[in-house]
Amino acid sequence: MNDVAAAAVPTPAQEMTTLLSGLGASRDRDDFGRLFAFYAPRVKAYLMRQGTEATVAEELAQEAMLMVWQKAALFDASKASASTWIFTIVRNLRIDALRRHRPAFDPTDPMFIPDAPPSPDYESEYAEMQDRIRAAMSELPGEQATVIRLAFFEDKPHSEIAAQLALPLGTVKSRLRLALRRMASVLEIAT
Amino acid sequence: MIQRHPHDDLLLSYAAGSLDEGSSLIVATHLTFCAKCRMDVLVAETVGGALLDAIAPVEMGDAADVMDRLDEPAAVPSRATKETGFPRTLDPYLPDTTVAWRWFGPGLHYAELLKKGGTKVGLLRCAPGAEVPLHSHRGEELTLVLAGNYHDGESNFSYGDVQCADDTLQHRPVAHADIGCTVLIMNKGNLRPKSVVARLFVRILGM
Ligand SMILES: [Zn+2]
């Protein structure tokens, strides 16, 4: 099984989401210890997979977990799972560490246009959404799963991914587009 | 109602964290306006989360060092906002006071926000009916409408819309006849002008 399909299988991560949801209020160090034990070795592995050297990856993993503790009160399980939320923290921390910039929108911007109220034919509960997205991930054709994996792990422009796979750039882009479309479309509830 | 969105491969790379700064600035500004694309980015981040929890864990020191630091005060990011009339995503790239527009062509003014590697991002303000000379692209070009609208001979682009152009597209955008337009524009590589006037234009633009 390739790792994109493997990632689709539910894991103890669901339990971690429950732990993290309570952490902002409880400030329970034992709960934090359990989150650390689960995520820190994975965050480090993820960073190493992206080419970060082991000692740097370890330090970044520690920083990421400290941020998890500091920002726990902001975590909202109706909008993300623990894994998704921690993924975004790690992504941003790594970009900062590389002295790069990743502009992000500001929901308090006066020009921000909020979401429309959830439509009844569109999935709005994150836990349910996540199950559907994972199911769709497991069913991606191999060639789409490959470009998805490279997009997340290789930190390269699409042109370099295309060169690595000896494919035209347009093919790589269209596989990425098809993969995201397929995963996003499962959130629309068939009527 | 936004009709034209950044291509999904851009949203995916933005979520993965591998998209370059210039393209990310266009995407992030569009996300300020577009709930649909925010949802697509969340889907892609969910993929990132799933890959994170499925990865084989590696040997990691224990939590003691971090546990010792839990009482440290968290660093509060300073986020001084500016009153520029533009989305806040542009704040870090804009001067504190007024935008320094420079003329570059009949009815056109440009203010550069970012220049890095072969990528440039800037604001282009087009007077009513102003025309950007016919050009094609060596690299990618992303255009986000911030005010007014324009027509490129095929489609109309209005507030919040993003046009993605690559080296196959040749276009000659024309600003709306009554209200003109202001766009955030990112391009990589050099524009390929199609006429003498356009070559002059490109030289003035320094593109
Ligand atoms: Zn959009």
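Residues numbered from 1 in each chain as written. Chains lettered and ligands numbered in written order. Predicted model: local features only at pLDDT ≥ 70, side-chain atom pairs only at ≥ 80, totals over all residues. Heavy atoms only, no water.

Backbone hydrogen bonds hold the strands of a sheet together, and the pairing may be parallel or antiparallel. Residues and elements named next belong to chain B. Strand order in the open sheet formed by six strands is E1-E2-E3-E11-E5-E8, with antiparallel pairing between adjacent strands. Since the sheet does not close on itself, it has two edges, and those belong to strand E1 (102-103) and strand E8 (162-165), each with one partner. Docked against the sheet, helix H2 (residues 21-33) engages strand E2 (108-116), strand E3 (119-126), strand E5 (141-148), E8 and strand E11 (181-188), running at close to 145° with respect to E11. (Pairing = 2+ DSSP bridges. Helix = DSSP H or I, 4+ residues; strand = E, 2+ residues; numbered from the N terminus. Contact = heavy atoms within 4.5 Å. Axes fitted to C-alpha atoms, helices over the stretch in contact; angles between N-to-C directions.)

A few words now on the coordination of the zinc ion. Residues and elements named next belong to chain B. Of the protein atoms, only His5 (ND1), His30 (NE2), Cys34 (SG) and Cys37 (SG) coordinate the zinc ion, at distances of 2.0 to 2.3 Å. Motif for the zinc ion, donor spacing along one chain: H-x24-H-x3-C-x2-C. Of this pair, His5 sits in the segment before helix H1 (8-16) while Cys34 sits in the loop between H2 and helix H3 (35-54); the two residues are 29 residues apart in sequence, bridging distant segments of the chain. Taking the relative accessible area as the measure of exposure, Cys34 reaches 4% and is therefore buried. (Donors = N, O, S within 2.8 Å, 3.2 Å for Na, K, Ca; no water. Buried < 20%, exposed > 50% of the residue type's maximum accessible area, 1.4 Å probe, protein only.)

Let us look at the interface of chain B and chain A. Every contact between the two is made by 64 residues of chain B and, on the other side, 73 residues of chain A. Here chain B meets chain A over a buried area of about 6,200 Å², counting both sides, of which 65% is carbon and sulfur. Ranking the residues of chain B by area buried against chain A places B:Leu52, B:Asp53 and B:Met60 at the top, with a combined share of 12%. Seen at the junction of chain B and chain A, the total is nine salt bridges. For the salt bridge of B:Arg88 with A:Asp106, the shortest nitrogen-to-oxygen distance reads 3.1 Å. Across the chain B-chain A interface, the total number found is 28 residue pairs in polar contact (both at pLDDT 80 or more). Of all elements in the fold, only H1, H2, H3 and helix H4 (64-67) of chain B reach the threshold of two or more residues within the side of chain B that touches chain A. Among the elements that take part in the side of chain B that touches chain A, H3(B) stands out by supplying 18 residues, more than any other. (Buried area = accessible area lost by both parts, 1.4 Å probe. Salt bridge = Lys/Arg side-chain N within 4 Å of Asp/Glu carboxyl O. Polar contact = N/O pair within 3.5 Å; in protein donor to acceptor, adjacent residues only side chain to side chain.)

So, about the nonpolar core. Ranked by internal contacts, the top residues of the largest apolar core, which has 102 residues, are A:Tyr39, A:Met183 and B:Leu184. Two domains each donate at least three residues to this core, and these are domain 1 (3-100) and domain 2 (120-187) of chain A. Filtering out sequence-adjacent residues up to four positions away, A:Met183 remains in contact with A:Ile133, A:Ala136, A:Met137, A:Leu140, A:Ile148, B:Val43 and B:Val47. Membership of the second largest hydrophobic core comes to 14 residues, among which are B:Leu108, B:Val132, B:Val145 and B:Ile185. (Core = buried A, V, L, I, M, F, W, Y, C linked by side-chain atoms within 4.5 Å. Domains from an automatic or database assignment.)

Below, the discussion takes up the sheet that holds strand E6 (residues 150-151) of chain B. All names here are of chain B. If you walk across this open sheet you meet the three strands as E7-E6-E10, and the pairing is antiparallel. Only two strands of the sheet have a single neighbouring strand rather than two, namely strand E7 (156-157) and strand E10 (174-175). One ladder, built from two bridges, connects E6 with E10; its direction is antiparallel. Note on E10: the bridge partner recorded for His151 is Val174.

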